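Residue-level listing of the chains:
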Amino acid sequence: MKRAQNEGKSLQEFMYEHTLRLADGEEIAAVQYKMLEQQSQLAQIIQANTEALLAQETRWRALLGEEE
């Protein structure tokens, strides 16, 4: 509110202009890039966990004498 007052604008005007600057700026691109990196890391973790669970299932089946 102080920044809006210092610029002689209403809070709504200030926030609208600030939002436009963010949307046009590199901040949004940086956030999107970070999200893509995190999605990629998550996919790798899920894949590793899936493989570990399948290997564990195979070991349990072998211990219990079950065939696949």
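Residues numbered from 1 in each chain as written. Predicted model: local features only at pLDDT ≥ 70, side-chain atom pairs only at ≥ 80, totals over all residues. Heavy atoms only, no water.

A. Representation of the overall build of the chain. Secondary structure assignment for the chain yields 3 helices and 0 strands. The order of α-helices and β-strands along the chain, N terminus first, is α-α-α. Relative to the globule expectation of 11 Å for 68 residues, the C-alpha radius of gyration of the chain, 26 Å, shows a markedly less compact shape. Reported as C-alpha extents along the three principal axes, the dimensions of the chain are approximately 80 × 20 × 15 Å. (Helix = DSSP H or I, 4+ residues; strand = E, 2+ residues; numbered from the N terminus. Rg over C-alpha atoms; globule rule 2.2 N^0.38 Å.)

B. Geometry of the pattern of salt bridges. For the structure shown, the criterion picks out 4 salt bridges. Where glutamate 7 meets lysine 9, a salt bridge forms, and the shortest distance between an N and an O atom there is 3.4 Å. Taking relative accessible area as the criterion, glutamate 7 reaches 41% and is therefore assigned partly exposed. When its relative accessible area of 26% is taken as the criterion, lysine 9 is described as partly exposed. Linking arginine 61 and glutamate 57 is a salt bridge whose minimum nitrogen-to-oxygen distance equals 3.1 Å. Placement of the pair is arginine 61 and glutamate 57 together in helix H3 (residues 26-64), with a separation of 4 residues, close to one helical turn. (Salt bridge = Lys/Arg side-chain N within 4 Å of Asp/Glu carboxyl O. Buried < 20%, exposed > 50% of the residue type's maximum accessible area, 1.4 Å probe, protein only.)

C. Quick peek at the confidence of the model for the chain. Looking at the chain as a whole, its pLDDT mean stands at 88, while 93% of the residues score no less than 70. Here helix H2 (residues 11-24) stands out as the least confident element of the chain, with mean pLDDT 83; H3 is the most confident, with 92. (pLDDT = per-residue confidence, 0-100.)

D. View of the environment of valine 31. Among the secondary structure elements, valine 31 is positioned in helix H3. Residue valine 31 is classed as partly exposed on the basis of its relative accessible area of 47%. As for valine 31 and phenylalanine 14, which are separated by 17 residues in sequence, their C-alpha atoms are 22 Å apart.

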